[in-house]
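# Structural description and commentary
The primary structure of each chain is shown beneath.
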Amino acid sequence: MDLKKDQLVSKLLETENNVPTKIASVKSLTDYANLAKKQSWKQKLDPSTRELKSKAIKITGTVWSDAIEKSLEENNYVHIPKMDEPVYIDRPIIVETGTQIIAHPETEIRIIIDEVEHCLIQNNSIVSGQEGRIELCQGADRDILIEGGIWSDQRNNGAGPQGFRKG
């Protein structure tokens, strides 16, 4: 048992040591603000109280999905600075080998929820583990760093099981 634990720790340290360091010249997410869209949508979950309402309420915010995607496309890195309002995304952020997402610890990244819900972050090269535990295999994404931020599916206030019902 201890040998497996030592091997796991060794692999984790090896992965951590191989994660590329932040590139100083990379732009901030706000440098891609021209790709962000001010939008309105309806949802039954009140984001301020995190309570389900019987009737859908109108939410307005800035959707940054295209800006995040462009930064990742150009740099495989995105820096999300401290923002005054939540950074809304309308689809999962797709990460691949070497991706780095660094968010200010007080910035909330929220996915817009609807009838079919999605995860906030998804690997580009998904390796299914439905048949049980899997080993890191050829083709799997590696060396991904996600640091900081408050990541919210708007369902559970950061505690307990996800509120996903569909999707």
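Residues numbered from 1 in each chain as written. Predicted model: local features only at pLDDT ≥ 70, side-chain atom pairs only at ≥ 80, totals over all residues. Heavy atoms only, no water.

### Overview of the pattern of salt bridges
- Considering all chains together, one arrives at 8 salt bridges under this definition.
- Between Arg 91 and Glu 69 there is a salt bridge, with the nearest N and O atoms lying 3.3 Å from each other. Highlighted residues: Arg 91 in the loop between strand E4 (87-89) and strand E5 (93-95) and Glu 69 in helix H2 (residues 65-75), separated in sequence by 22 residues.
- Asp 90 is the partner of Arg 91 in a salt bridge, and the nearest nitrogen-oxygen pair spans 3.0 Å.
- Arg 91 gets classed as partly exposed once you look at its relative accessible area, which sits at 26%.
- The network of salt bridges with shared partners includes Lys 37, Asp 66, Glu 69, Asp 90 and Arg 91. (Salt bridge = Lys/Arg side-chain N within 4 Å of Asp/Glu carboxyl O. Helix = DSSP H or I, 4+ residues; strand = E, 2+ residues; numbered from the N terminus. Buried < 20%, exposed > 50% of the residue type's maximum accessible area, 1.4 Å probe, protein only.)

### Some remarks on the nonpolar core
- Leu 29, Trp 64, Ile 68, Ile 80 and Val 87 are the most contacted members of the largest nonpolar core, which totals 21 residues.
- For this core, the leading source of residues is strand E6 (residues 100-111), giving 4 residues.
- Discounting chain neighbours no more than four positions away, the residues touching Ile 80 are Leu 29, Val 87, Ile 101, Ile 102, Ala 103, His 104, Thr 107 and Ile 109.
- Membership of the second largest hydrophobic core comes to 5 residues, among which are Trp 41, Val 63, Tyr 88 and Ile 112. (Core = buried A, V, L, I, M, F, W, Y, C linked by side-chain atoms within 4.5 Å. Contact = heavy atoms within 4.5 Å.)

### Details of the environment of Asp 141
- Locating Asp 141 in the fold gives a position in the loop between strand E7 (121-123) and strand E8 (145-152).
- Since its relative accessible area comes to 11%, Asp 141 is described here as buried.
- Sequence separation between Asp 141 and Ser 125 is 16 residues; the distance between their C-alpha atoms is 5.8 Å.

### Quick look at the pairing of strand E1 (residues 37-46)
- Sheet analysis places E1 next to strand E2 (residues 51-63), joined by 9 bridges and oriented antiparallel. Bridging across to E2, Gln 43 finds its partner in Ile 57. (Pairing = 2+ DSSP bridges.)

### Looking at unusual backbone geometry
- Notably, Asn 76 is not glycine yet its phi reads approximately 60 degrees, a positive angle.
- By the secondary structure assignment, Asn 76 is in the loop between H2 and strand E3 (77-80).

### Some words on the confidence of the model for the protein chain
- Counting all residues, the mean pLDDT for the protein chain is 77, and 67% of those residues have values of 70 or more.
- The secondary structure element of the protein chain with the lowest average pLDDT is helix H1 (residues 2-18), at 61, and the one with the highest is H2, at 95.
- Contacts from residues 157-167, a stretch scored under 50 in pLDDT, to residues over four places away or in other chains number 16 contacts. (pLDDT = per-residue confidence, 0-100.)

### So, the side chain of Ser 152
- With respect to the secondary-structure elements, Ser 152 resides in strand E8.
- Discounting chain neighbours no more than four positions away, the residues touching Ser 152 are Arg 50, Glu 108, Ile 109, Arg 110, Ile 111 and Leu 120.

### Notes on the environment of Ser 54
- Along the chain, Ser 54 falls in strand E2.
- Residue classification places Ser 54 among the exposed positions, given a relative accessible area of 75%.
- Taking the C-alpha atoms as reference points, Ser 54 and Lys 44, separated by 10 residues in sequence, lie 6.7 Å from one another.

### Considering the environment of Glu 108
- Along the chain, the position of Glu 108 falls in strand E6.
- Owing to a relative accessible area of 14%, Glu 108 belongs among the buried residues under this scheme.
- In this structure, the C-alpha to C-alpha distance between Glu 108 and Ile 80, residues 28 residues apart in sequence, is 9.7 Å.
- When near neighbours in sequence (up to four residues on either side) are disregarded, Glu 108 contacts Arg 50, Pro 86, Val 87, Ile 150 and Ser 152.
- Looking at Glu 108, its side chain comes within polar contact range of the side chain of Arg 110, at 3.0 Å. (Polar contact = N/O pair within 3.5 Å; in protein donor to acceptor, adjacent residues only side chain to side chain.)

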